[in-house]
There are 2 protein chains.
Amino acid sequence: MQNYKIIVQYDGTKYQGWQIQRSSDQTIQGKISAVLSKMADTQIEVVGSGRTDAGVHALGQVANFFMPEKFSENQIINYLNEYLPEDIAVCKIQKVDERFHARFSCKSKTYRYRIFISNIPNVFERKYYYQYLDAKIDVNLMKNAVKYLIGEHDFKSFCGNTHIKKSTIRTIFSIDIQSTENEIIIDYSGDGFLQNMVRILTGTLIEIGTKQILLDTLPQIITSKNRQLAGFTAPPQGLTLLKVEY
Amino acid sequence: MQNYKIIVQYDGTKYQGWQIQRSSDQTIQGKISAVLSKMADTQIEVVGSGRTDAGVHALGQVANFFMPEKFSENQIINYLNEYLPEDIAVCKIQKVDERFHARFSCKSKTYRYRIFISNIPNVFERKYYYQYLDAKIDVNLMKNAVKYLIGEHDFKSFCGNTHIKKSTIRTIFSIDIQSTENEIIIDYSGDGFLQNMVRILTGTLIEIGTKQILLDTLPQIITSKNRQLAGFTAPPQGLTLLKVEY
């Protein structure tokens, strides 16, 4: 069996997220696994770098799988792109060492969150941003909040699963905020992110920008490990997994 | 009654084109007219700058309509954007002179056609380009063809309605072709375009780029007034009405 690494793009609008669920076959992992299993005529398991929530998109999700070595890389990628739904595409495939594991080998992930500030929708990109109507958001306050968040912290306050048993310590390498008149783009890089963490960080930054949360209280919000004190969970459609590094 | 001019954006994917049809309410004109008629509690007719085909998009379609003067422009645009489907948006509204007519007053229209050259789809933009698999297309041949097309000509060879009785003479002001490794973008400006004309011009340019049509025969194709001699009708999803000028 040969281990293959693929880079996957998807428009997550119609899906229940990356991860296979018993109750739904509307998952990206499920769709890819089904096409590969049909090709190889045996069950093929696909491992992703991590879950993405329902409605979240990806430009550079990474996955790996083991297949009998009877097809070329070109045959596999062409078969995948022919039989996958049109909102999922495989951009790249390569053979990798058998020890490569899309989740455990991952060193860094980068997510982008797009906030579109306008009361006029953009019909072409409406599924790929969060439309926010309050133009009085102060981007400088958001930028000032970044220094409290980067580095290694226990991010339990920013975890959507409040019953989590495993470690909630993560390291954020950088948070880069760009803004134009109508848009705020936030790029987060880190060694990993908890469930809903990027969306809760974004909701918190938005509430700091609108002064619903005071900037100076952010260190206490982090140390409290209390989800209630952080901001709202920004909606999934604004979020895209940009890249995963190994 | 007050005459209003609006600028409309739409993702044409799900629609039977701009123009109201007796057999279908899936038209952009029909959707806008229905919302305005509900607001004014009387039938409001909407005039567009021209039809767009089923599946064609618009960034800057222009329309006008007469309404009883009991609402502000803000009220009208907000009502429209609240009740129109999410793939249609009104970007701008202004009061205009009663003589303004979106079709008859039009001086120039600009359309963009996007050709995406890749066997890997782009899941986020797949509804907004024509995916073309032959990478051996010669963009310089296409650019050399432009000189034969600009200016005033009888474009009957490039009209999808072969039984047309009205004049098929139009003036093309410019055709601008930009290309990158994976994309060819063609912008057409003119005083007006016949049914399917931009799509047939695009199909002809593509066939010139792939040498299925020889560049030197283009003047004869124009003078022949024979639809059979021009190229194929490029598919609608690559086409967007960018702007209309008055």
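Before reading on, note that the structure itself is shown above.
About the cut-offs
Throughout this document, residue positions are counted from 1 along each chain, in the order its sequence is written. To read the labels, note that chains go from A and ligands from 1, taken in the order they are written. Where local features are concerned, this predicted model is filtered to residues with pLDDT of at least 70; where side-chain atom pairs are given and counted, the filter is 80 or more; whole-chain, interface and lining totals use all residues. As a convention, hydrogens and water are excluded, and side-chain values are obtained from all of the structure's heavy atoms. Only heavy atoms matter for contacts: two residues are in contact if any of them lie within 4.5 Å across the pair. The buried area of a pairing is the accessible area, by a 1.4 Å probe, that goes missing from both parts when the two are put together, added over both. Just to be clear on terms, a salt bridge is a Lys or Arg side-chain nitrogen sitting within 4 Å of an Asp or Glu carboxyl oxygen. Counting of polar contacts relies on pairs of N or O atoms within 3.5 Å, with two restrictions inside protein: one atom must be capable of donating a hydrogen and the other of accepting it, and residues adjacent in sequence are counted only when both atoms are side-chain atoms. For the purposes of this entry, the term helix denotes a DSSP run of H or I that reaches at least four residues, the term strand denotes a run of E that reaches at least two, and both are numbered from the N terminus. Side-chain classes follow a simple rule in which Ala, Val, Leu, Ile, Met, Phe, Trp, Tyr, Cys and Pro form the nonpolar group, Asp, Glu, Lys and Arg form the charged group, and the remainder, Gly included, forms the polar group. Residue count minus one, scaled by 1.5 Å, sets the expected span of a helix. Exposure classes here rest on a 1.4 Å probe applied to the protein chains alone. A residue is buried below 20% of its type maximum, exposed above 50%, and partly exposed in between. Copy-to-copy alignment: least squares on C-alpha atoms, limited to residues at pLDDT 70 or above in both. Cysteine sulfur pairs qualify as disulfides if the two atoms are within 2.5 Å.

Visitor: Go over the interface of chain A and chain B with me, naming the residues and quoting the values.
Guide: Contact with chain A, which involves 24 residues of that partner, is made by 24 residues of chain B. For chain A, the biggest contributors to the area lost against chain B are A:Val123, A:Phe124 and A:Arg126; these three give 36% of the whole. Seen at the junction of chain A and chain B, the total is four salt bridges. Its salt-bridge partner being B:Asp11, residue A:Arg126 comes within 3.7 Å of it at the nearest N-O pair. Remark: the boundary between chain A and chain B carries four residue pairs in polar contact (both at pLDDT 80 or more). Sorting the residues of the side of chain A that touches chain B by element identifies strand E1 (2-10), strand E3 (57-67), helix H2 (73-83) and strand E4 (88-96) of chain A as the ones contributing at least two each. Tallying contributions element by element places E4(A) first for the side of chain A that touches chain B, with four residues. Its residues placed into classes, the side of chain A that touches chain B shows 13 nonpolar, six polar and five charged.

Visitor: Tell me what's going on with the environment of A:Pro68, and back it up with residues and numbers.
Guide: Residues and elements named next belong to chain A. Turning to its location among the elements, Pro 68 is positioned in the loop between E3 and H2. Sequence separation between Pro 68 and Ile 175 is 107 residues, and the spatial gap between their C-alpha atoms is 41 Å. The contacts of Pro 68, once residues within four sequence positions are left out, are Met 1, Ala 40 and Ile 44.

Visitor: Run through helix H4 (residues 197-209) of chain B, naming residues and quoting values.
Guide: What sets the pattern is the α-helix's 3.6 residues per turn: residues three or four places apart point alike. Residue and element names in this part refer to chain B. Helix length check: H4 (13 residues) gives 18 Å between terminal C-alpha atoms against 18 Å at 1.5 Å per residue, within 8%. Among the 13 residues that make up H4, 13 are buried, leaving the element largely enclosed by the rest of the structure. Just downstream of H4 lies Lys 211, where phi reads positive at about 65°.

Visitor: Summarise the relation of the copies chain A and chain B; cite the residues concerned and give the values.
Guide: Each copy of the sequence occupies a distinct position, and chain A is placed on chain B by a rotation of 180° and an axial shift of 0.0 Å, giving an RMSD of 0.0 Å. When the rotation and shift are considered jointly, the pair of chain copies conforms to a two-fold rotation axis.

Visitor: Quick rundown of the state of the cysteines? Include the residues and the values.
Guide: Structurally, a disulfide amounts to a covalent bond that connects the sulfur atoms of two cysteines. All names here are of chain A. Counting across every chain of the model gives zero disulfides over all chains. Free of any disulfide, Cys 159 has its nearest neighbouring cysteine sulfur in Cys 106, separated by 17 Å. A residue is classified by how much of its surface remains accessible, and Cys 159, at 1% relative accessible area, is buried.

Visitor: Which residues make up the pattern of salt bridges, and what values do they have?
Guide: Going through the model one piece at a time under the given rule, you end up with 20 salt bridges over all chains. In this structure, A:Asp53 engages A:Arg199 in a salt bridge whose closest nitrogen and oxygen atoms are separated by 2.8 Å. Residue A:Asp53 is found in the loop between strand E2 (47-48) and E3, and its partner A:Arg199 is found in helix H4 (residues 197-209); the two are separated by 146 residues along the sequence. Judged by its relative accessible area of 22%, A:Asp53 is partly exposed. You can call A:Arg199 buried: its relative accessible area is 11%. The shortest N-O distance in the salt bridge between A:Lys95 and A:Glu69 comes to 3.2 Å. One end of the pair, A:Lys95, is in strand E4; the other, A:Glu69, is in the loop between E3 and H2, with 26 residues separating them in the sequence. Connected through shared salt-bridge partners, A:Asp11, A:Glu86 and B:Arg126 make up one network.

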